[in-house]
Structure formats: C-alpha cells, structure tokens
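Given next are the chains, with one letter for each unit.
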Amino acid sequence: MKYHSVDHLEDFEFHDAQWSLISCDSGKLVVEARLLNIHRRALEDVFDCDMEIKLAKITFSNCSVVAYEPGVPWKTDASGKSYPAEPIITYTSQDAEKRLLHALDSTTTIYRFEEDDGNYRISGCGDEPYFEAVISFDGVTVEWDDFRRPAWYVLRKRGIQA
C-alpha cells in the first residue's frame, strides 16, 4: 500500500469510522476501515487539513479481546438519575472474542476507540445496537492507498454537508 502508519493511533479520528472484519488468526486482527480520518499533523497527511481515507486496512498484532459488553436499555428515575434496566453482562476471553468478531463480521460503526488503562476500548454499533469491547495488542499498522476528501467535520466547518 502507498501509505502506512505504525503505532500512531493518535494520528487518526475513529469516530463514525466503519470497520469490517477481514481476518483474525494467530493473534492478528485485521479490519477494513471506511470513513477513517487522519489528522493534518500526521506525517502521512500531505494536505492542509484533516482528510478522510478512502479505504484503510488496520492490523492489530498480538491482539486479544479482553472484554465485551452488549448494550442494555437504560431507565431514568424521577430525580433524573439513569441506570441500566437490565443487568450489564461482561463477557471475557473466548466468549468476548466470539462476540466482537461477530460484531465486526458485519459493518460496525465506531463511536469511540481510545486508550483505556493500557488497553483500547471500542464503542460501536452494527448487528448489536450498541456494544463496548476492550482489546489488547502489541502493535498496530494502518495502511491505505488514497485519500477521499477533507474529513466530514472540516467540510461542515466550510459550510458543506458531507
């Protein structure tokens, strides 16, 4: 691929990116990412603004799924306090991996992907209306060939609906 970034996740904006599973074997998780944005300050961004990447491949090395929590409905009491209407179930190890891979097997919209206590927390929706997963990995490579256009939030600032 023409561009690649190794271990620089801070260069990317994952909110609203769409991930789809390519493969997961021998500790290597590979996803295809659409609507992934790269920050203007990143070495690989040759433009003067944050850009949307046309199609990226993200490879997590020595990756394991630590936890997976499907979303549950929430209620709000009379005082305005919110609480889960059902027990929150946290899956771990193979159960967590199975559920995350199922979620990624269809297109998953990423709401949040950020460091959390040395691991990374993914919040998203796809087949499951909402889920959170925690993954651990030793390295990550993001590869792509083309930029699509300025990031949606750059276009919006310019008065253009993306």
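As shown above, the structure is provided for reference.
## Structural notes on the overall build of the protein
Right, on to step 1. Broken down by element type, the protein carries 2 helices and 16 strands.
Right, on to step 2. For a compact globule of 162 residues, the expected C-alpha radius of gyration is about 15 Å, and the protein comes in at 17 Å, within 12% of that figure.
Right, on to step 3. When the backbone C-alpha atoms are referred to their principal axes, the protein occupies close to 50 × 45 × 30 Å.
Right, on to step 4. Every one of the 162 residues in the protein was classed for burial, and the buried ones make up 43%.
Right, on to step 5. Expressed as a percentage of contacts within the protein between residues at least 6 apart in sequence, the contacts between residues at least 24 apart total 62%.
Right, on to step 6. Roughly 9,300 Å² of accessible area belongs to the protein as shown, and the carbon and sulfur atoms make up 46% of that amount.
Right, on to step 7. Within the protein, the 29 negative side-chain charges are centred at a point lying 6 Å from the centre of the 18 positive side-chain charges.

## Overview of helix 1 (residues 93–105)
Right, on to step 1. Across its 13 residues, helix 1 extends 18 Å between first and last C-alpha, which sits within 8% of the 18 Å expected from 1.5 Å per residue.
Right, on to step 2. Along helix 1, the residues that are buried comprise A96, L100, L101, A103 and L104. Buried residues of helix 1, viewed axially, fall in a sector of 155 degrees; they line one side. Every exposed residue of helix 1 that faces more than 90 degrees away from the buried side is listed here: Q94, K98 and D105.
Right, on to step 3. Buried positions along helix 1 lie against strand 3 (18–25), strand 4 (28–34), strand 8 (64–70), strand 11 (91–92), strand 12 (108–116) and strand 14 (131–136).

## As for the packing of aromatic side chains
Right, on to step 1. This structure, assessed with the given rule, holds 17 aromatic pairs.
Right, on to step 2. Note on F14 and W19: the rings are 6.1 Å apart at their centroids and 80 degrees apart in plane angle, and the pair reads as edge-to-face. W19 carries the same exposure label as F14, and that label is buried.
Right, on to step 3. An aromatic cluster is defined as three or more aromatic residues linked by ring pairs; in this entry it consists of Y3, F12, F14, W19, F47, F60, F113, Y120, F137, W144 and F147.
Right, on to step 4. A cation sits over an aromatic face here: R99 above Y91, 3.8 Å from the ring centre.

## A short note on the sheet that holds strand 12
Right, on to step 1. Strand order in the open sheet formed by 10 strands is 1-15-7-4-3-12-13-14-8-11, with antiparallel pairing between adjacent strands. A single partner strand is all that each edge strand has here, and the edge strands are strand 1 (3–6) and strand 11.
Right, on to step 2. Against the sheet, helix 1 touches strand 3, strand 4, strand 8, strand 11, strand 12 and strand 14, its axis set at about 75 degrees to strand 8.

## A closer look at the pattern of salt bridges
Right, on to step 1. Across all of its chains, the model carries 8 salt bridges by this definition.
Right, on to step 2. Notably, a salt bridge pairs E143 with K57, separated by 3.7 Å at the nearest N-O pair. Taken together, the residues E143 in strand 15 (residues 139–144) and K57 in strand 7 (residues 56–61) connect sequence positions 86 residues apart.
Right, on to step 3. R121 is paired through a salt bridge with D116; the nearest N and O atoms lie 2.8 Å apart.
Right, on to step 4. Taking relative accessible area as the criterion, D116 reaches 28% and is therefore assigned partly exposed.
Right, on to step 5. What emerges from the salt-bridge pattern is a single network uniting R112, E114, D116, R121 and E132.

## Brief notes about the pairing of strand 14
Right, on to step 1. Across the 6 residues that make up strand 14, a large majority, 5, are buried.
Right, on to step 2. Pairing of strand 8 with strand 14 involves 6 bridges; the strand directions are antiparallel. Bridging across to strand 14, S64 finds its partner in S136.
Right, on to step 3. Note: strand 13 (residues 119–125) against strand 14, 5 bridges, orientation antiparallel. Counted as the bridge partner of I122 is A133 from strand 14.

Scoring rules and cut-offs
Residues numbered from 1 in each chain as written. Predicted model: local features only at pLDDT ≥ 70, side-chain atom pairs only at ≥ 80, totals over all residues. Heavy atoms only, no water. Helix = DSSP H or I, 4+ residues; strand = E, 2+ residues; numbered from the N terminus. Rg over C-alpha atoms; globule rule 2.2 N^0.38 Å. Buried < 20%, exposed > 50% of the residue type's maximum accessible area, 1.4 Å probe, protein only. Contact = heavy atoms within 4.5 Å. Areas by Shrake-Rupley, 256 points an atom, 1.4 Å probe, with all protein chains shown as cover. Lys, Arg positive; Asp, Glu negative; His and termini not counted. Charge placed at Lys NZ, Arg CZ, Asp CG, Glu CD. Expected span 1.5 Å × (residues − 1). Arc of directions from axis to C-beta. Phe/Tyr/Trp six-rings, centres within 6.5 Å; stacked < 30°, edge-to-face > 60°. Lys NZ or Arg CZ within 6 Å of the ring centre and 35° of its normal. Pairing = 2+ DSSP bridges. Axes fitted to C-alpha atoms, helices over the stretch in contact; angles between N-to-C directions. Salt bridge = Lys/Arg side-chain N within 4 Å of Asp/Glu carboxyl O.

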